[in-house]
Amino acid sequence: MTNKFYMPTRVIIGDDCITKNSELFIFLGKKALIVTGAQSAKRNGSEKDVKTALESVGINYLVFDKVMSNPTIACVYEGATLAKENGVDFIIAIGGGSPMDAGKAIALLAAQDIEEENLFSGNYEKKVLPMAFVPTTAGTGSEVTQYSILTNDKAQTKTSIASDLLFPTVTFLDAKYTEQLAVTTTINTAIDALSHAVEGMLSVRASNVSDALAVASIRMIMNCVPDMLQALLAGSEVVFNLKQREQLLQASLMAGMVIAQTGTTVVHAMGYSLTYFKNIDHGRANGLLLGEYLKLVENVQPDLAGSILAAMNFSEADQFGELMNKLLGDKEEISSEEIKRYSKIAIQTKNIANSVVKPTEEELRTMYALSFVK
Ligand code: NAP
Ligand code: ZN
C-alpha cells in the first residue's frame with residue numbers, strides 16, 4: 001500500500017507567538033474576518049492579541065462571534081455572507097473545534113458559490129480564502145486538518161467537509177489561552193485528542209510516520225492523566241499548570257496531524273449520534289465508546305491493540321476502560337431504540353470502511369449497550 005503524508009499548515013508554537021509574528025498576517029490579506037465563539041476568546045486574551053497583531057501591521061478586521069458549539073450550516077453561510085459583503089480576503093478562527101471548523105467552511109464559501117445541497121460533495125473550485133487559526137481548546141486538532149465538521153440536520157448527524165483546500169495556512173499555539181479551561185472541558189477535549197491518536201493507529205491508512213506521531217501524542221496525554229484524576233477528586237475548577245497545558249495542546253496538534261492522514265474510524269462514527277441526538281460533548285462521546293472498541297480490537301487483532309495499550313502503559317483493554325470510567329463519571333442513559341437507530345446510522349459511514357477492524361451492525365449495537373453500563 002502507498003502511504004502519503006501531507007501537512008501544509010505552518011505551525012508556530014510559544015508564548016506570545018501571535019504578537020511576536022504579526023508580520024505573517026501581511027501575507028494572508030488586507031482585511032480579516034475573525035471567526036469565534038460568543039465569549040471565551042474575549043476572556044482568555046486570544047482575541048485581544050490577534051487584534052493587537054493586526055493593528056500593528058495595519059490590517060483591518062471585523063468580528064463574527066456567533067459560532068455555537070457543533071456549528072450549523074446556517075451559521076457558516078451567515079459568516080460567509082458577512083465576509084463577502086465586507087470584502088474580507090482572509091479568515092482568522094479563534095476558539096475550540098467549533099469556531100475553527102466554522103472558519104474553514106466560511107473561508108470556502110466566501111471564495112466560491114456553493115449551494116447547500118452540494119456543500120459536502122467535495123466538488124469545489126480550487127478557491128479558498130487564506131486562514132490563520134488559534135486553537136483555545138486542546139483536543140480537536142482542527143488547526144492542522146482538512147476537515148470542517150458541521151451539524152447536518154437533513155442527514156440528522158454531523159457531516160464532514162473534507163478537502164485539502166481547508167488546511168489552514170498558519171496556526172498559532174499559545175497554551176496560555178487554555179489555562180482557564182474548566183476541568184471537564186480539559187478532560188473531554190484531551191479524550192478527543194487521545195481518540196484521534198488511537199483511531200489513527202486503527203485506520204487502514206495508518207503508516208509508520210502517523211503511528212510515531214500517534215504514540216507520542218498518546219504518551220503526552222497519558223502523562224497528564226494523574227492530574228486530571230486528582231482534579232476530579234478535589235472538585236477543583238482549574239489545576240493544570242502551563243507546562244501541562246502546553247503538553248496537551250501539542251498532543252492535540254500531533255493527533256490532528258495523524259487524522260489528517262488517516263481519517264477517524266469506528267469511535268467517531270458512533271460518537272456523532274451521541275452528540276447530535278443526546279447533546280453529549282464530542283470528546284466525551286468518544287471516551288464513552290473507545291474502551292469497548294479497543295476490547296473488540298483486542299479480540300480480533302491483539303498485536304495491534306497491544307501496541308496502542310503499550311503506549312498507555314496498559315497490558316489489556318479492560319484497564320483502559322476502567323480509566324475512562326473514572327474520567328467520565330456518571331453515564332447518561334441509552335435506550336434500545338436509540339441504540340438501533342444510532343447503529344444504523346454509524347454502519348453507513350465512511351469512517352467504518354476506514355477501520356482495520358470493521359464491526360458488524362450487531363457489534364455496534366453491543367458496543368453502544370456496553371459503553372453505557374454504569
Ligand atoms: P467547542 O465547541 O469549540 O467549545 C466548547 C466550549 O468551550 C464553548 O463553550 C467555548 O466557549 C469554550 N471554550 C473554548 N475555548 C475556551 C477557553 N480557552 N477557555 C474557556 N472556555 C473555552 O469545543 P471543542 O471540543 O474544541 O470542539 C468540538 C467541535 O470540533 C465539534 O463540532 C467536533 O465535531 C469538532 N471536531 C473537529 C475536528 C476536525 O478535524 N475538524 C476533529 C475533532 C472534532 P465559546 O463558545 O465562548 O468560545
Ligand atoms: Zn474528534
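Residues numbered from 1 in each chain as written. Chains lettered and ligands numbered in written order. Predicted model: local features only at pLDDT ≥ 70, side-chain atom pairs only at ≥ 80, totals over all residues. Heavy atoms only, no water.

**Some details on the domain arrangement of the protein**
Counted only if it meets this: What counts as a domain boundary in this text is fixed by an automatic or database domain assignment. Whether two residues are in contact is decided by their heavy atoms, any of which lying within 4.5 Å being enough. Computed with a 1.4 Å rolling probe, the buried area is the accessible surface lost when two parts are put together, summed over both parts. In what follows, salt bridge is the name for a side-chain nitrogen of Lys or Arg lying within 4 Å of a carboxyl oxygen of Asp or Glu. Between N or O atoms, a polar contact is any pair within 3.5 Å; within protein, one atom must be a potential hydrogen donor and the other a potential acceptor, and residues adjacent in sequence are included only when both atoms are from side chains. The numbering of helices and of strands both runs from the N terminus, where a helix is a DSSP run of H or I of at least 4 residues and a strand a run of E of at least 2. Residue polarity is assigned by list, with Asp, Glu, Lys and Arg as charged and Ala, Val, Leu, Ile, Met, Phe, Trp, Tyr, Cys and Pro as nonpolar; anything else, Gly included, falls into the polar class.
Here the domain parsing of the protein yields domain 1 (10-177) and domain 2 (182-371). Every contact between the two is made by 26 residues of domain 1 and, on the other side, 24 residues of domain 2. When domain 1 packs against domain 2, close to 2,100 Å² is buried across both sides, 66% of that on carbon and sulfur atoms. Considering only the surface of domain 1 that becomes buried against domain 2, A138, Q156 and A175 emerge as the three largest contributors, covering 26% of it. Linking domain 1 with domain 2 are zero salt bridges. Here domain 1 is connected to domain 2 by nine residue pairs in polar contact (both at pLDDT 80 or more). Looking at the side of domain 1 that touches domain 2, the elements that each hand over two or more residues are β1 (10-13), β6 (147-152) and β7 (157-162). For the side of domain 1 that touches domain 2, the element with the most residues is β6, which contributes four residues. A breakdown of the residues in the side of domain 1 that touches domain 2 according to their chemical character gives ten nonpolar, eleven polar and five charged.

**Let's talk about the nonpolar core**
Note the threshold: In this text, buried Ala, Val, Leu, Ile, Met, Phe, Trp, Tyr and Cys residues form a nonpolar core when linked through side-chain atoms within 4.5 Å. Whether a residue is buried, partly exposed or exposed follows from its accessible area with a 1.4 Å probe, protein chains only, as a fraction of its type maximum: under 20%, in between, or over 50%, in that order.
Counting residues in each nonpolar core, the largest one holds 72 residues, and the members touching the most others are I218, M228, L274, Y293, M312, F320 and Y368. The element that contributes the greatest number of residues to this core is helix α7 (residues 208-234), accounting for eleven residues. Lining this core are residues from two domains, each supplying at least three of them: domain 1 (10-177) and domain 2 (182-371). What M228 contacts, discounting residues up to four positions off in sequence, is I187, A190, F240, L248 and L327. Judged by nonpolar contacts, the second largest core, of 30 residues, contains A80, V88, A102 and F133.

**A few points about unusual backbone geometry**
Unusually for a residue other than glycine, D16 sits at a positive phi of about 60°. D16 sits in the partly exposed class, given a relative accessible area of 27%.

**Focus: the environment of E125**
Within the secondary structure, E125 sits in the loop between α5 (97-111) and β5 (131-135). You can call E125 partly exposed: its relative accessible area is 45%. Taking the C-alpha atoms as reference points, E125 and S98, separated by 27 residues in sequence, lie 24 Å from one another. When sequence neighbours within four positions are dropped, the list of residues in contact with E125 reads Q112 and L165.

**Points about the coordination of the zinc ion (ligand 2)**
Geometrically, a metal with four donors at the corners of a regular tetrahedron has ideal angles of 109.5 degrees, and one with six donors at the corners of a regular octahedron has ideal angles of 90 or 180 degrees. Rule in force here: Atoms of type N, O and S within 2.8 Å of a metal are treated as its donors, and for Na, K and Ca the window is 3.2 Å; water is not considered, so some sites may appear to be missing partners. The rule is simple: four donors are tetrahedral if all their angles sit between 85 and 135 degrees, four are square planar and six octahedral if opposite donors span more than 155 degrees and the others lie between 65 and 115, and anything that fits none of that is irregular.
Ligation of the zinc ion (ligand 2) by protein atoms is provided by D192 (OD), H196 (NE2), H268 (NE2) and H282 (NE2), these donors lying 2.1 to 2.2 Å from the ion. Relative to the metal, the four donor atoms surrounding the zinc ion (ligand 2) lie at angles of 84 to 169°, and the coordination shape comes out irregular. Along the chain, the residues donating to the zinc ion (ligand 2) fall in the pattern D-x3-H-x71-H-x13-H. Placement of D192 in helix α6 (residues 183-201) and of H282 in helix α10 (residues 282-300) is noted, with a sequence separation of 90 residues between them. On the basis of relative accessible area, D192 is assigned to the buried category, the value being 3%.

**Focus: the pattern of salt bridges**
Opposite charge on two side chains permits them to pair, given that their charged atoms come into close proximity. According to the stated counting rule, one finds 19 salt bridges in the structure shown. Here R284 and E332 are joined by a salt bridge, their closest N and O atoms 2.9 Å apart. Taken as a pair, R284 in helix α10 and E332 in the loop between α12 (317-328) and α13 (336-347) lie far apart in primary sequence, 48 residues in all. Exposure remark for E332: the relative accessible area of 24% places this residue in the partly exposed category. With its nearest N and O atoms 3.1 Å apart, the salt bridge here joins K295 to E292. Taken together, the residues span about one helical turn, with K295 and E292 both in helix α10 at a distance of three residues.

**A word on the packing of aromatic side chains**
The geometry of an aromatic ring pair is captured by two quantities: the separation of the ring centres and the angle between the planes. This is how the line gets drawn: Any pair of Phe, Tyr and Trp rings, taking the six-membered ring for Trp, is counted once the centres come within 6.5 Å. Such a pair is stacked with planes under 30 degrees apart, edge-to-face with planes over 60 apart, and tilted for the rest.
Applying the stated criterion to the full structure yields five aromatic pairs. With 5.4 Å between their ring centres and 10° between their planes, F277 and Y342 make a pair best called stacked. Note that F277 is positioned in helix α9 (residues 266-278) and Y342 in helix α13, a separation of 65 residues in sequence. Of the residues examined, F277 reaches a relative accessible area of 25% and is grouped as partly exposed. The exposure class assigned to Y342 is buried, which follows from its relative accessible area of 1%.

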